[in-house]
Amino acid sequence: MNKKASCRYALILFCILTLIVQSNWAQRTGYSHEEFSRRRTQLMEHVDDGMIVLFGNCMPQPGAHFRQDNDFYYFTGVEDANAILIMLPQTKRSILFLPRQTDREVQFEGANLLRDKEAGRITDLSDVQPLDYIDEFIARYAGTTNSTFHLRLSPRDVVDNSRREVRLFIGRKNRTHYNDQISLDNYRTKKLKERYPNFIFTDITPIIDGMRLIKSPEEIAVMRRNGKVSAEAVRQAMLATKPGVHEYEVEAAAMHVILKHGAKGAAYPPIVGSGPNSCIFHYEKNARKIQYGDLILMDFGADLDYLCMDITRTWPASGKFTPEQREVYKTVLEVQKACIEAYRPGITAEDVQNHVAETMKKKGIDPRGQKGGIGHYVGMCVHDVGPRGIPLQEGMVFAIEPGLYYPEKNIGIRIEDTVLITKDGCEVLSKDVPKEIDDIEKLMARR
């Protein structure tokens, strides 16, 4: 082989290896590295000076797979523990800091990106540095960045709780002074203020929330896939239902489907409420034996590639709704369908409620106090971030979940879908699981 041909062969081989590495990165994260780079660039365009600092999670929750901090993952796609990201808006540089690992740590946990010489290139990060260098790095750049830290000063959100809910649960925890230690995020901020008292501290959270509110094409593709996977999971749960089985057996049928398709797990503790449990909004014990005549209310969704799905269906254990169950179910369904009819860019919650009222009046159905409206956002968190009370915009994703509950009759009915606002309407991402009465009974007859 001559020298020219050898150089050409080496170049082709390099290109192939580059594509393989980048393909593996995309496969591992569910997104392209360009997606994370675009997000970092967009965030830095909102900030004129200083440095943006985001912290990753330290370790897995007990008994669970490691799941990265939502905001940190949103801008990096990195799932390594104990990571810190610093972005420098003035130079548009992004530097990832990771702990040095001993050989023993690598043997137990696998190597982090600090040991990968190609890490910066395949992630589009400007640099990857050891974590013990971070304070020297901050000191070096402090004088040239106007000494401002842009941090997440608001509570973090987690896969099954919004920032507001996290704040609420912290308040409940602190009811006794024996539990009132500050959060890890607050401790990090306190530590930075002690080390850099002359810095200005600003909250970057509102900008992040505004970005996360509108889903990108890559995010929409993942959510569509999640909608199909989660819908099939609920279908299999319906087929696994019969008098005499336990609620947890119904849950298991759904969990099998989402894990088989690559989900980390459920986006929140699955709710399988039969009979009286169908009237408990966040029932999660899933331990009761299902009886003939029970309604089953299942609230379920997968956590797939750091995006959640939220679906609720209600069906009869016997396979057939009773006349009273049918009447209540129809009312809830018509309210939900009227809401979905109204969704499109520019619409407000008041517009939706007016449409629901007019629709129910035309159909001669008593809504039984249900008004409809716009539900909670869905995304990296099942109750996702974003400003409330604003008109709908293309790219928003949220769940709508009307329900009626009569504990004295063991009738609890909720119907929930996750919907995407499109250019001229909306797309129901969870449409593949039946919700019409005839379709439910037809599916149940196949058991």
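Keep in mind the model is a prediction, meaning the values are calculated, not measured.

Next up on the list: the environment of Asn198. Relative to the assigned elements, Asn198 resides in the loop between α8 (184-195) and β6 (200-203). Sequence separation of Asn198 and Thr148 is 50 residues, and the distance between their C-alpha atoms is 8.8 Å.

Another aspect to go through is helix α7 (residues 163-173). Considered for burial, the residues of α7 that qualify are Arg163, Glu165 and Val166. All buried residues of α7 fall inside an arc of 160 degrees around its axis, so they share one side. Each element contacted by the buried residues of α7 is listed here: α3 (70-76) and α9 (205-213).

A few words now on the pattern of salt bridges. Using the criterion set out here, one finds 39 salt bridges in the structure. With a shortest N-O distance of 2.9 Å, Asp417 and Arg313 are connected by a salt bridge. Of this pair, Asp417 sits in strand β17 (residues 417-421) while Arg313 sits in strand β12 (residues 311-316), placing them 104 residues apart in sequence. Since its relative accessible area comes to 1%, Arg313 is described here as buried.

Below, the discussion takes up a nonpolar patch on the surface. Taken together, Ile182, Leu184 and Tyr187 make up a surface patch of nonpolar side chains, about 280 Å² in accessible area. On the basis of relative accessible area, Ile182 is assigned to the partly exposed category, the value being 47%.

Scored by pLDDT, the protein comes out at a mean of 92, with 93% of its residues at no less than 70. When the criterion is pLDDT under 50, residues 9-27 qualifies, and its contacts beyond four places in sequence or with other chains add up to 17 contacts.

For the rest of this paragraph, the subject is the environment of Thr148. Note that Thr148 resides in strand β5 (residues 148-151). In this structure Thr148 comes out as buried when scored by relative accessible area, which is 5%. Put simply, Thr148 and Val234 are 86 residues apart on the chain and 48 Å apart in space, counted from C-alpha to C-alpha. Excluding residues that lie within four positions of it along the chain, Thr148 makes contacts with Asp49, Gly50, Met51, Phe199, Ile200 and Thr202.

Moving on to the packing of helix α10 (residues 217-239) against helix α14 (residues 437-444). α14 packs onto α10 with a crossing angle of 60 degrees between their chain directions and a minimal axis gap of 9 Å. Classified by the angle between their axes, α10 and α14 sit oblique to one another. Read as a crossing pair, α10 and α14 show a hand that is right-handed. Here α10 contributes Arg235, Met238 and Leu239 to the contact with α14, which in turn contributes Ile440, Leu443 and Met444. Split into classes, the residues belonging to the contact of α10 with α14 amount to five nonpolar, no polar and one charged.

Turning to the packing of aromatic side chains, a few remarks are in order. Evaluation of the coordinates by the stated rule reveals 14 aromatic pairs. Taking 4.6 Å as the distance between ring centres and 50 degrees as the angle between the ring planes, the aromatic pair formed by Phe281 and Tyr405 counts as tilted. Highlighted residues: Phe281 in the loop between β8 (271-274) and β9 (295-300) and Tyr405 in strand β15 (residues 403-406), separated in sequence by 124 residues. Note on Tyr405: relative accessible area 23%, which makes it partly exposed. The ring centre of Tyr31 lies 5.5 Å from the NZ or CZ of Arg39, which sits over that ring.

As a rule of thumb, nonpolar side chains are buried together in soluble globular proteins. By size, the foremost hydrophobic cluster in this structure holds 79 residues, and its most contacted members are Phe75, Leu96 and Trp315. Counting residues per element, this core draws most heavily on α10, which supplies nine residues. Excluding residues within four positions of it along the chain, Phe75 makes contact with Phe36, Arg39, Arg40, Leu43, Leu54, Leu85, Met87, Ile208 and Met211. With 20 residues, the next largest nonpolar core counts Ile340, Ala342, Tyr343 and Ile421 among its residues.

This part takes up the pairing of strand β14 (residues 397-400). Across the two faces of β14 the burial is the same, with Val397 and Ala399 and Phe398 and Ile400 all buried. One ladder, built from two bridges, connects strand β13 (residues 376-377) with β14; its direction is antiparallel. Bridge pairing links His376 to Ala399 in β14. Here four bridges tie β14 to β17, and the two strands are oriented antiparallel to one another. Counted as the bridge partner of Ala399 is Thr418 from β17.

Calculation notes
- Residues numbered from 1 in each chain as written.
- Predicted model: local features only at pLDDT ≥ 70, side-chain atom pairs only at ≥ 80, totals over all residues.
- Heavy atoms only, no water.
- Helix = DSSP H or I, 4+ residues; strand = E, 2+ residues; numbered from the N terminus.
- Buried < 20%, exposed > 50% of the residue type's maximum accessible area, 1.4 Å probe, protein only.
- Arc of directions from axis to C-beta.
- Contact = heavy atoms within 4.5 Å.
- Salt bridge = Lys/Arg side-chain N within 4 Å of Asp/Glu carboxyl O.
- Patch = residues over 30% accessible without salt bridge, like charges linked within 9 Å, V, L, I, M, F, W, Y side chains within 5 Å.
- Areas by Shrake-Rupley, 256 points an atom, 1.4 Å probe, with all protein chains shown as cover.
- pLDDT = per-residue confidence, 0-100.
- Axes fitted to C-alpha atoms, helices over the stretch in contact; angles between N-to-C directions.
- Parallel < 35°, antiparallel > 145°, perpendicular 65-115°, else oblique.
- Left-handed = near helix turned anticlockwise from the far one by under 90°.
- Nonpolar A, V, L, I, M, F, W, Y, C, P; charged D, E, K, R; others polar.
- Phe/Tyr/Trp six-rings, centres within 6.5 Å; stacked < 30°, edge-to-face > 60°.
- Lys NZ or Arg CZ within 6 Å of the ring centre and 35° of its normal.
- Core = buried A, V, L, I, M, F, W, Y, C linked by side-chain atoms within 4.5 Å.
- Pairing = 2+ DSSP bridges.

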